[in-house]
Every structure is written in structure tokens, then in C-alpha cells.
Amino acid sequence: MQLIMFYNRCSAEFCGAFSDEKTTQDFLNIKPKTMSNISKETLVLKRMIFAAILFSSLSIFFLSCKTNSANATSDNKIDTVLTGTVTAELTEAPNVPKPLTYTSPKRVMVHLETIEKVMPISDSSEYTFWTFGGHVPGNFIRVRQGDLVDFTLTNSPDSKNSHSIDLHAVIGPGGGADATATAPGQSTHFQFRALHSGLYVYHCATGPVPLHIANGMYGLILVEPQGGLPKVDREYYLMQGDFYTTGKYDAKGLQAFDEDKALAENPDYVLFNGRVRSTTGPNALTAKVGETVRLYVGNGGPNLVSSFHPIGQIFTKVYMEGGHEINTDVQTTLIPAGGASIVEMKMQVPETINLVDHSIFRAFNKGAIAQIKVTGDENPSLYQKIKK
């Protein structure tokens, strides 16, 4: 009510400023000799227009202030009182842990192991990956805003290098890297409070950091808001990365890391989930007509920005950069190196959706393609091929 009274007062004062002929002439830059040609009705209309502009400007200003105040209040109301202990479900891509069912903060036990491991990068090539959990990307971690995360990092005794972890969801020195410098065969331990909801990247932060990331040491951690995320039918986990090998794409045999190509940002491979065709053909993601699919998509880098695009679909929702802001009806969304996004699609016709980095040579020549195979009834009113 006070805001409305303020608007009325401002509007009245503004309009009153034009109550005399000289003030109106000065403001509108009208010469006295032409003033007689302008009707009183025209002046009244102009006063109303200026008042409307003032009213709209004030509305935007005060609503913005109110929104910022509400956001600050929301941050201050995070529940942090622990009501028990749970062990986090950790999953290997493309699988995602089940949505959390508890509604009050917990102490969440998380244990990750760093493993150096030779695995296929393509049909003909192998690569020595450095990993969290023995696969690329690392395990998906799902916690709740307000949780106290009790984190243990173990470095396999077979490792040749020390490793650590920087979780972008952590507020603290190095995102946890300061507490987790872990030699082979050793473990480190720290705790952090998950204060900010969103989808966050984690990666190794042991020097040389670019080398550890380039070898596959990254993953995602989801901090659900305290009220949870809206329910969907299916959730999947994808993470893009660029790889630099001494041999060309799909060269035979075990390939070593090529530092010169990495410095030039000229990768031989741009991949989803660490391998050519990791989620295509028989490995494709699946869905049914009528379902809503949510993808948690990260970009480990180390260098390239992803232009993430679904061929034959539109993102009905994009949680921009994995945060709270939602954009709708999006064709392509940018995911920076070290960043993430949550995207949703409504499955409406049977098809194979090709998920690509639309820097398109990366998709067709370097491996940046995943698929969702959608089954169900045709919908001719939405799409049909016309036969000749």
C-alpha cells in the first residue's frame, strides 16, 4: 500500500510540473508562437505518457530491490541443523543417483578413489587416463543444500602421481585441494558445508593442473535445493572433455599425452564421457514418448567451450550454468570449460536425438556426439514424412 501511495504521489508531482504553459514549453522544447497550435488534449496526453514512463521505471526498480532482498533472505534461511548421517550414492556416467528423499540436513559420507588406468579412448586407440573412481568422468555426487559433506579422498597404491580434488561447490581453500594433496596409497579427509545449490564441476588440482584435467580427472556434484528439484521421468549424466594424443584420431595402440597440441588447444578428440561412441548406438541413452528427460551436463575442458545442442529437439528448460536462472525453448546452450548446465527436454515423437557440440567438426570428426533413442507412438500432427 505504501508503494502504491508513493507511485501516486510521484505521478501527481510529475504531472503537476506541467500545469503551467511555460514549463510545458520548456520541457517539450516548443516555441511560444507554436504553442497555440497544440490543443490542451494533446498536452494532457503527453503528461499521461510521461507519468506512465515514470511509473514503469519505479516499478522495475522497486521490484528488483524486492527480488534481491528475497534472495538474500532465502540464503539466510538455509537449514543447517544435522539430523543424521547418510552415505552418498555414487554413480558412473551416464547414470545419476536417485533424487534425495530426506528433507533435513545430513552428514553425508563421500569416499572417492583416484585411479590411473589404461582404457580405450576409441576403437583402435588406448590412453592412460587419470580418474576419479576408475572412469571418465568421475562419479556423480548428489547432496542437499545445508548438508555437511564428510569427504575422504584415497589415492590408489598403484598410482604414479599424487592427486587432489577441487570441488567448485566448496567455499574454502582451493575448493578442498588444500586439504586433499594425496600421495599414492594414502588418504586425506575434510568437511565442507554445501551452502549453495546448483550443479558444480570437480577436478584434480595437483600441479601441473592442466595435465591432470586433460587426462580425465573431473566430474560433477549436484547440490539440490532444500525443496528439491521438480520431478522428471529420467535423468542422465554427460560430461565433455578434450583430449590430446601423440597419434591422430583413432590411431592404433596406446597413445601418450601431447603437450604441444594441448598448449595449441588443438585436440585429437572431443568426447562425451571419455570415449568415442560412449553413449551412441547400443550404448545410447533411452526414453519414451511423453517423458521428460533431464541431463546434467558438465565440461571438464581443459580448453574448449561446448556449444551443446540436441539435433531434432529443443531444450524446454535450461538451468543456465547449473544455477537457479531458467531459460526456456533453447536450441543451443554454451557450457564453459569448468562449468555445467542442467537441461530438460519433452519427448514428443519417436526418434534418435543426436546430442552434439555444435562446433560441428568436433561432433563428426572428433567424437563429440551422444544419443537418446526415443520409442513410442508416432505423432503425425507434430511430424510426418510425406511420401511422393
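Residues numbered from 1 in each chain as written. Predicted model: local features only at pLDDT ≥ 70, side-chain atom pairs only at ≥ 80, totals over all residues. Heavy atoms only, no water.

Undergrad: Explanation requested: the sheet that holds strand 4 (residues 141–144) in the structure shown.
TA: Hydrogen bonds between backbone groups are what pair the strands of a sheet, and the pairing can be parallel or antiparallel. Strand order across the open sheet formed by 4 strands is 4-9-8-6, with mixed pairing between neighbours. With one partner strand each, in any of the chains shown, strand 4 and strand 6 (166–167) form the two edges of the open sheet. Sheet topology places strand 4 next to strand 9 (residues 218–224); 4 bridges connect them, and they run parallel. In the strand pairing of strand 9, Ile141 is matched with Ile221. (Pairing = 2+ DSSP bridges. Helix = DSSP H or I, 4+ residues; strand = E, 2+ residues; numbered from the N terminus.)

Undergrad: What exactly am I supposed to notice about the side chain of Arg294 here?
TA: In this structure, Arg294 sits in strand 14 (residues 292–301). Overall, Arg294 belongs to the buried group, its relative accessible area being 1%. A polar contact is formed between the side chain of Arg294 and the backbone oxygen of Pro230, at a distance of 2.6 Å. At a separation of 2.9 Å, a polar atom in the side chain of Arg294 contacts the side chain of Glu235. Discounting chain neighbours no more than four positions away, the residues touching Arg294 are Leu229, Pro230, Val232, Arg234, Glu235, Tyr236, Tyr319, Ile342, Val343 and Glu344. (Buried < 20%, exposed > 50% of the residue type's maximum accessible area, 1.4 Å probe, protein only. Polar contact = N/O pair within 3.5 Å; in protein donor to acceptor, adjacent residues only side chain to side chain. Contact = heavy atoms within 4.5 Å.)

Undergrad: Explain the environment of Glu235 here, please?
TA: Within the secondary structure layout, Glu235 lies in strand 10 (residues 234–243). Non-local contacts of Glu235, meaning those with residues more than four positions away in its chain, are made with Pro94, Val96, Pro97, Pro99, Arg142, Arg294 and Tyr296. A distance of 2.9 Å separates polar atoms of two side chains, one belonging to Glu235 and the other to Arg142. Of the polar contacts made by the side chain of Glu235, one reaches the side chain of Tyr296; its length is 2.6 Å.

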